[in-house]
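Below, each chain spelled out in residue letters.
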Amino acid sequence: MRRGWKMALSGGLRCCRRVLSWVPVLVIVLVVLWSYYAYVFELCLVVYLILYHAIFVFFTWTYWKSIFTLPQQPNQKFHLSYTDKERYENEERPEVQKQMLVDMAKKLPVYTRTGSGAVRFCDRCHLIKPDRCHHCSVCAMCVLKMDHHCPWVNNCIGFSNYKFFLQFLAYSVLYCLYIATTVFSYFIKYWRGELPSVRSKFHVLFLLFVACMFFVSLVILFGYHCWLVSRNKTTLEAFCTPVFTSGPEKNGFNLGFIKNIQQVFGDKKKFWLIPIGSSPGDGHSFPMRSMNESQNPLLANEEPWEDNEDDNQDYPEGSSSLAVETET
């Protein structure tokens, strides 16, 4: 009886958590809908409406794709077989378990390790983690090239939707900037008392305040992710340097500025601004700097992205204030 109550309570808490996780998304949707109503129907700035709607369409399209594009999980070959799982769980000696994972990983394109040099294994999903893959405790699954779990889209940002998330940030910044610049002249009229309508006064004042507030926070987050893309890093890799078979290497996936951008947006520039999937690869393996250097020795003489004074700093201060890190 007591066990049944515990299961019912646990199920109820999970249900409440799922419902509450949509609250940030609902807040964003309500703010955007209000801004659309205030801008289009209350102020009715006819001259600006064409460009406004173009930005609004791309803003909502990228937001939708960021929310509803499911995180991609490792395929079946990275999961332990039933026999291997039984052997691993029945083995009590840690050193033998470690060697078993090493033997299994030899058949897979896995080059990153834990801080102690062991094969990265998820004991919840029972799989060997591909490079740049991490377990999200909120989504309760391993996510390929996981960046972070974002409450504002109620989704895990990773290989399958990182391009859409970056585009969403870009169009959000543009959306806020466009509203703020076009409404500013009406704010001056409000300040001089030249707006007769009380409703218009409220919408002008609130539109400008909300647009500026979101613009400041979004431009910081967008700038931080542009910095990450330029160095081919995820948020998790900026906080914790990836470890390879040869040891820690914070520039392990850095291929150069142009190639780093292509790792997110693809080779065809015509798709860079459109929220359609164009990232190369399957998310299970990625080109590494060490391999490029072996193919082209000239790369080995290149200066690293970071200056010497930045060697002890992997990320800008305060850069993760709008992201929730949940990797375990």
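- An unreviewed UniProt entry annotates the protein chain as Palmitoyltransferase originating from Pongo abelii.
- The UniProt entry for the protein chain carries this comment under Sequence similarities (unreviewed entry): "Belongs to the DHHC palmitoyltransferase family."
- Under the heading Catalytic activity (unreviewed entry), UniProt records this for the protein chain: "L-cysteinyl-[protein] + hexadecanoyl-CoA = S-hexadecanoyl-L-cysteinyl-[protein] + CoA".

**As for the overall build of the protein chain**
Alright, step 1. When you go through the protein chain residue by residue, the secondary structure sums to 10 helices and 9 strands.
Alright, step 2. Out of the 328 residues in the protein chain, the part that is buried amounts to 44%.
Alright, step 3. Of all intrachain contacts in the protein chain linking residues separated by at least 6 positions in sequence, the fraction that spans at least 24 positions is 65%.
Alright, step 4. When the accessible surface of the protein chain is totalled, it reaches about 18500 Å², and 62% of it is carbon and sulfur.

**Examining the nonpolar core**
Alright, step 1. Core analysis: the largest hydrophobic core is formed by 46 residues, its most contacted members being Tyr39, Tyr52, Tyr162, Phe165, Ile179, Val183 and Leu207.
Alright, step 2. Of all elements in the fold, only helix H2 (23-43), helix H3 (49-68), helix H6 (162-191), helix H7 (198-230) and helix H9 (257-265) reach the threshold of two or more residues within this core.
Alright, step 3. No other element matches H6, which puts 14 residues into this core.
Alright, step 4. Beyond its immediate chain neighbours, meaning those up to four positions away, isoleucine 179 contacts Ser35, Tyr39, Tyr52, Leu207 and Ala211.
Alright, step 5. Counting 12 residues, the second largest nonpolar core, distinct from the first, contains Phe78, Tyr88, Met100 and Ala105.

**What about the packing of H2 against H6?**
Alright, step 1. Look at H2 against H6: their axes get within 13 Å of each other, and the N-to-C directions meet at 30°. Compared by their axis directions, H2 and H6 come out roughly parallel. The handedness of the crossing between H2 and H6 comes out as left-handed. Contacts from Val32, Ser35, Tyr36, Tyr39 and Leu43 in H2 reach Tyr175, Tyr178, Ile179, Thr182 and Val183 in H6.

**Quick word on empty space enclosed by the protein**
Alright, step 1. Per the counting criterion, the structure on display carries 3 cavities of 30 Å³ or more.
Alright, step 2. Lining the largest cavity we find Lys145, Asp147, Gly158, Tyr162, Leu228, Val229, Asn232, Lys233, Thr234 and Val264.
Alright, step 3. Its residues placed into classes, the lining of the largest cavity shows 4 nonpolar, 3 polar and 3 charged.
Alright, step 4. Space inside the second largest cavity adds up to approximately 50 Å³.

**A few points about a nonpolar patch on the surface**
Alright, step 1. A surface patch of nonpolar side chains, amounting to about 360 Å² of accessible area, comprises Leu26, Val29, Leu30 and Leu33.
Alright, step 2. Among the structural elements, leucine 26 can be located in helix H2.

**Details of the sheet that holds strand S1 (residues 112-113)**
Sheets are built from strands that pair by backbone hydrogen bonding, the pairs being arranged parallel or antiparallel.
Alright, step 1. Spatially, the 3 strands line up as an open sheet ordered S1-S8-S9, and their pairing is antiparallel. The sheet is open, and its two borders are formed by S1 and strand S9 (247-248), each paired with just one other strand.
Alright, step 2. Inspection of the sheet shows strand S8 (residues 243-244) paired to S9 by 2 bridges, in the antiparallel sense. Along S9, the bridge assignment pairs phenylalanine 244 with glycine 247.

**Some points on helix H5 (residues 94-105)**
Alright, step 1. Between the first and last C-alpha of H5 there are 16 Å, a value that for 12 residues agrees with the 16 Å anticipated at 1.5 Å per step.
Alright, step 2. What H5 keeps buried is the set Gln97, Met100, Leu101, Met104 and Ala105. Down the axis of H5, the sector holding all buried residues measures 130°, keeping them to one side.

**Considerations on the layout of surface pockets**
Alright, step 1. By volume, the second largest pocket is sized at about 410 Å³.
Alright, step 2. Forming the walls of the second largest pocket are 24 residues, and the residues nearest its centre are Ile28, Phe168, Ser172, Phe214 and Leu218.
Alright, step 3. Listed by contribution, the elements that provide at least two residues to the lining of the second largest pocket are H2, H6 and H7.
Alright, step 4. The biggest single contributor to the lining of the second largest pocket is H7, with 8 residues.
Alright, step 5. Looking at the lining of the second largest pocket residue by residue, the classes come out as 21 nonpolar, 3 polar and no charged.

So, how was this worked out
- Residues numbered from 1 in each chain as written.
- Predicted model: local features only at pLDDT ≥ 70, side-chain atom pairs only at ≥ 80, totals over all residues.
- Heavy atoms only, no water.
- UniProt positions renumbered as here; feature names shortened; annotations may be inferred.
- Helix = DSSP H or I, 4+ residues; strand = E, 2+ residues; numbered from the N terminus.
- Buried < 20%, exposed > 50% of the residue type's maximum accessible area, 1.4 Å probe, protein only.
- Contact = heavy atoms within 4.5 Å.
- Areas by Shrake-Rupley, 256 points an atom, 1.4 Å probe, with all protein chains shown as cover.
- Core = buried A, V, L, I, M, F, W, Y, C linked by side-chain atoms within 4.5 Å.
- Axes fitted to C-alpha atoms, helices over the stretch in contact; angles between N-to-C directions.
- Parallel < 35°, antiparallel > 145°, perpendicular 65-115°, else oblique.
- Left-handed = near helix turned anticlockwise from the far one by under 90°.
- 1 Å grid on protein atoms, 1.4 Å probe; cavity = no way out; pocket = protein on both sides within 12 Å on 5 of 7 lines; lining within 4 Å.
- Points joined across faces, edges and corners; volume = space filled by probe spheres on them.
- Nonpolar A, V, L, I, M, F, W, Y, C, P; charged D, E, K, R; others polar.
- Patch = residues over 30% accessible without salt bridge, like charges linked within 9 Å, V, L, I, M, F, W, Y side chains within 5 Å.
- Salt bridge = Lys/Arg side-chain N within 4 Å of Asp/Glu carboxyl O.
- Pairing = 2+ DSSP bridges.
- Expected span 1.5 Å × (residues − 1).
- Arc of directions from axis to C-beta.

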